[in-house]
Amino acid sequence: MERHFQRVSPKTLECYENAYKFFAPVLNTLELELANPFNPGQALQDALQKRVEIELRSDNPLSPTSINIYGRVMNSFLHWKCGKEYRLRPVKAPTGEHRQIFTDEEVARLIKYKPTSFNQIRAWTIAICMLDTGVRIDEALSIETTDVDFNSDFIFIASGKGEKSGHVPISEMFRPILYRYMTRTQPEESAFVFGTTKGTKMSQRNALRDVRVVERAAGVRCLSWHCYRHTMATGYLRRGGNIYKLQRILRHADIRTTQKYLHLATDYITEGHEAFSSLAPIKARRSPEQ
């Protein structure tokens with residue numbers, strides 16, 4: 001058993017832990033044993049599926065991607081406990097959700113927001129970091145103090161997706177925000193920039209919980225963590241950024257992955273163009289007396 005768990009990465013173990021926490025209200029109840037004594041596997045599957053449906057009806061549900069990841073963990077549990085015929089139905093994401101981005105107004109609201117508590121300041125700084133650098137949430141939470149180089153204005157990502165490491169630049173706007181956070185707010189006991197007061201790495205679930213508070217207080221939509229990365233990439237291209245430089249910043253192995261953001265940037269520019277085209281009829285303005 002020990003040899004088996006040595007082959008599992010810390011990130012996978014964290015995913016298992018978060019999945020258990022998500023389904024804990026179901027797994028910890030004794031009513032399952034009485035729900036369907038003739039088919040306990042079906043009873044467990046129905047209870048887990050109900051937990052998903054309750055989450056989807058909540059005010060601030062997890063993203064379909066996160067729910068499906070936790071569901072796959074529970075499917076493995078169901079297969080082991082009850083048989084391969086039991087599995088949860090995957091949640092379908094609304095069309096275009098995986099490419100949602102924050103509007104310019106929402107980004108401005110986030111930047112202007114003034115967090116007060118430690119949790120809010122940490123979550124707000126994480127959000128601004130992702131908007132500025134385009135790092136993934138796990139990469140942001142894994143940043144250590146020694147990874148930040150204010151002299152060169154770079155953050156070193158030691159182990160990104162696919163074990164790809166690299167340096168990402170930070171802007172002049174974000175530099176003082178990060179410096180102020182690290183000198184005034186970052187827990188002294190933590191080697192992680194966005195770590196906990198106990199010195200451990202912060203979980204994605206707790207980070208999402210805290211950023212939801214910030215988003216609601218700032219008056220912006222509650223989007224997934226990856227939408228911060230989408231917003232950064234789209235904004236970079238809209239402002240005339242070089243797509244090959246963006247590929248290096250995002251650490252995409254294939255330029256075709258980066259080119260997907262061209263469509264978002266183009267859609268933003270062309271949206272509503274017909275109303276302002278020279279070929280469109282000019283609407284007569286009403287006089288103040290009318």
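Residues numbered from 1 in each chain as written. Predicted model: local features only at pLDDT ≥ 70, side-chain atom pairs only at ≥ 80, totals over all residues. Heavy atoms only, no water.

1. A short note on the overall build of the chain
Next, step 1: The helix and strand tally for the chain stands at 14 helices and 3 strands.
Next, step 2: Per-residue burial over the chain gives 42% buried out of 290 residues.
Next, step 3: Long-range pairs, those at least 24 residues apart, make up 60% of the contacts in the chain with a sequence separation of at least 6.
Next, step 4: Accessible area for the chain stands at about 18100 Å²; split by element, carbon and sulfur atoms hold 54% of it. (Helix = DSSP H or I, 4+ residues; strand = E, 2+ residues; numbered from the N terminus. Buried < 20%, exposed > 50% of the residue type's maximum accessible area, 1.4 Å probe, protein only. Contact = heavy atoms within 4.5 Å. Areas by Shrake-Rupley, 256 points an atom, 1.4 Å probe, with all protein chains shown as cover.)

2. Topic: the pattern of salt bridges
Next, step 1: Counted by the stated rule, this structure contains 14 salt bridges.
Next, step 2: For arginine 256, the salt bridge goes to aspartate 254, with nearest N and O atoms at 2.7 Å.
Next, step 3: Judged by its relative accessible area of 58%, arginine 256 falls in the exposed class.
Next, step 4: One salt-bridge network, held together by shared partners, links Arg122, Arg209 and Asp210. (Salt bridge = Lys/Arg side-chain N within 4 Å of Asp/Glu carboxyl O.)

3. Re helix H12 (residues 243-250)
Next, step 1: For H12, the full list of buried residues reads Ile243, Leu246, Gln247, Ile249 and Leu250. Projection of H12 onto a plane perpendicular to its axis shows the buried side chains occupying an angular sector of 165°, all on one side. Exposed and oriented more than 90 degrees from the buried face of H12 are Tyr244, Lys245 and Arg248.
Next, step 2: Following H12 by one or two positions, arginine 251 has its phi on the positive side, about 60°. (Arc of directions from axis to C-beta.)

4. So, the confidence of the model for the chain
Next, step 1: Per-residue pLDDT for the chain averages 83, and the proportion of residues at 70 or more is 80%.
Next, step 2: Across the chain, helix H7 (residues 118-133) holds the top mean pLDDT of 97, while helix H1 (residues 2-6) sits lowest at 47.
Next, step 3: Confidence drops under a pLDDT of 50 for residues 1-5, and excluding neighbours within four residues, the segment shows 1 contact in the predicted structure. (pLDDT = per-residue confidence, 0-100.)

5. Points about the environment of tyrosine 70
Next, step 1: Structurally, the position occupied by tyrosine 70 is in helix H5 (residues 64-81).
Next, step 2: The exposure class of tyrosine 70 is buried, given its relative accessible area of 9%.
Next, step 3: The sequence separation of tyrosine 70 and tyrosine 16 amounts to 54 residues, and the corresponding C-alpha distance is 7.6 Å.
Next, step 4: Ignoring any residue separated from it by four or fewer positions in sequence, one finds tyrosine 70 in contact with Cys15, Asn18, Ala19, Phe22, Phe23, Leu62 and Arg205.

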